[in-house]
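Close look at the chain arrangement
If you want the building blocks of each chain, they are given just below.
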Amino acid sequence: MQTTIKKNILLGAHMSISGGLDQAIERGESIGCTAIQIFTKSNRQWQTKKLTNQEITIFLEKQRNSFIKKINAHASYLINLGSPNKDVERKSIEALKIELMRCDELNIPYLVLHPGSHVNTDEQTCLKQITHNIKTIYKEKNYKTTLLIENMAGQGSTVGYSFEHLAYILKNCGTKNIGICFDTCHAFAAGYNFSTKKDYTNMWKNFDNIVGLKQIKVIHVNDSKKERGSRVDRHQNIGQGMIGKEAFKLLMNDKNFKDIPKVLETPKDNLNDDEKNMNILLKFIK
Ligand SMILES: [Zn+2]
Ligand SMILES: [Zn+2]
């Protein structure tokens, strides 16, 4: 399936790195992805081994020769820069530095981060702490990789579910190496409405006023199992969730996002499931 290349679109899915980082590129190529997302290490462990020169060389070479034009990384789910627990905060800072370093080594331009959760303090304290930590990390070392803050569903005590939260982090983190990864499922679960043409247009106008459309560097294209405003983060296959096909048709044809990589994080047993979702999205393109 090379429709992605023919249609000149950056579309793909999150790929497993099982068997080696370079395997993610092969998996993506096997179903015609032109963009993929990976974890550069196990996403549920703090610890990781340093990348060897051989691992780096193999990955870079495969990346150079691939028709996958955009690769972005997603940071570990354990990282919480806004944690009130000092030990978790310290571990999170160290882990994020390591992930940024790995992205630099692997020539990956964007690292997606869940901003964090306040657990038992409050949103403002949490946002302030997250912003301060990002500032410190980039002050200490000028990473090439840009950190992308992902909008969240607002489950539990997570921050980053409102456009205002995202704008606050971007405005105050003191680095230009920052942007947004927009997740459609998260935005819907957080309460944003973009299921009709009118609502879609209004939401982006609102986003542009508060955050700025040009801040979006990656889009996670996911339908939502749960209803709008549920604040529950459950991804669903395109067209089988509560968002509705119209929103995805509008997104796939939106000139503002023509050059932005669109990556699926939909449920999957194997690559066929990603391919099915990609085909649905490709058919939406006029
Ligand atoms: Zn995410
Ligand atoms: Zn996402």
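Provided above is the structure to which this section pertains.
So, here is what we can say about the structure in this document. (Residues numbered from 1 in each chain as written. Chains lettered and ligands numbered in written order. Predicted model: local features only at pLDDT ≥ 70, side-chain atom pairs only at ≥ 80, totals over all residues. Heavy atoms only, no water.)

A short note on the pattern of salt bridges
Note the threshold: By definition, a salt bridge exists where a carboxyl oxygen of Asp or Glu is found within 4 Å of a side-chain nitrogen of Lys or Arg. Under the DSSP-based scheme used, a helix requires at least four consecutive residues in state H or I and a strand at least two consecutive residues in state E, with every element numbered from the N terminus. Partly exposed describes any residue whose relative accessible area lies between the buried limit of under 20% and the exposed limit of over 50%, with all areas from a 1.4 Å probe on protein chains only and scaled to the type maximum.
Counted according to the given criterion, the structure contains 8 salt bridges. Put simply, aspartate 22 and lysine 62 hold a salt bridge, and the shortest N to O gap is 3.3 Å. Within this pair, whereas aspartate 22 is found in helix α2 (residues 21–30), its partner lysine 62 is found in helix α3 (residues 53–64), the two being separated by 40 residues in sequence. For the salt bridge of lysine 86 with glutamate 89, the shortest nitrogen-to-oxygen distance reads 2.7 Å. Residue lysine 86 and its partner glutamate 89 are located together in helix α4 (residues 86–105), separated by 3 residues, close to a single helical turn. Judged by its relative accessible area of 9%, glutamate 89 falls in the buried class. Via salt bridges that share partners, Asp22, Glu26 and Lys62 belong to a single interconnected network.

Here's the deal with the coordination of the zinc ion (ligand 1)
Around a metal, the idealised angle for a tetrahedral arrangement of four donor atoms is 109.5 degrees; for an octahedral arrangement of six donor atoms it is 90 or 180 degrees. The condition is simple: Donor selection uses N, O and S atoms within 2.8 Å of the metal (3.2 Å for Na, K and Ca). Since no water is included, sites may look incomplete.
Every protein donor of the zinc ion (ligand 1) is listed here as His74 (NE2), His114 (NE2) and Glu150 (OE), and their distances to the metal cover 2.1 Å. Distance-wise, the zinc ion (ligand 2) is placed 3.5 Å from the zinc ion (ligand 1), both being coordinated by glutamate 150. Here the residue histidine 114 occupies a position in the loop between β4 (110–113) and α5 (123–140), and glutamate 150 occupies one in strand β5 (residues 146–150), the gap between them amounting to 36 residues.

Notes on the coordination of the zinc ion (ligand 2)
Summarising the metal site, the zinc ion (ligand 2) is bound by the protein donors Glu150 (OE), Asp183 (OD), His220 (ND1) and Glu265 (OE), whose distances to it range over 2.1 to 2.2 Å. For the zinc ion (ligand 2), all donor residues lie on one chain, and their spacing in sequence is E-x32-D-x36-H-x44-E.

Description of the packing of aromatic side chains
Test applied: Working definition: a ring pair exists when centres of Phe, Tyr or Trp rings (six-membered ring for Trp) sit within 6.5 Å. Plane angles under 30 degrees give stacked, over 60 give edge-to-face, the rest tilted. Counting as a charge over the ring demands two things of the Lys NZ or Arg CZ atom: a distance within 6 Å of the ring centre and an angle within 35 degrees of the ring normal.
Per the stated rule, a full pass over the model turns up 11 aromatic pairs. Seen from their ring centres, phenylalanine 163 and phenylalanine 182 are 6.4 Å apart, and the 55 degrees between their planes marks the pair as tilted. Taken together, the residues phenylalanine 163 in helix α6 (residues 163–172) and phenylalanine 182 in strand β6 (residues 178–183) connect sequence positions 19 residues apart. Per residue, the accessibility class of phenylalanine 163 equals that of phenylalanine 182, and both read buried. Given the relative accessible area of 0%, phenylalanine 182 is considered buried. Of the aromatic side chains, those joined through ring pairs into one cluster are Phe163, Phe182, Tyr192, Tyr200, Trp204, Phe207 and Phe257. The ring of tyrosine 161 carries arginine 231 above its face, with NZ or CZ at 4.2 Å from the centroid.

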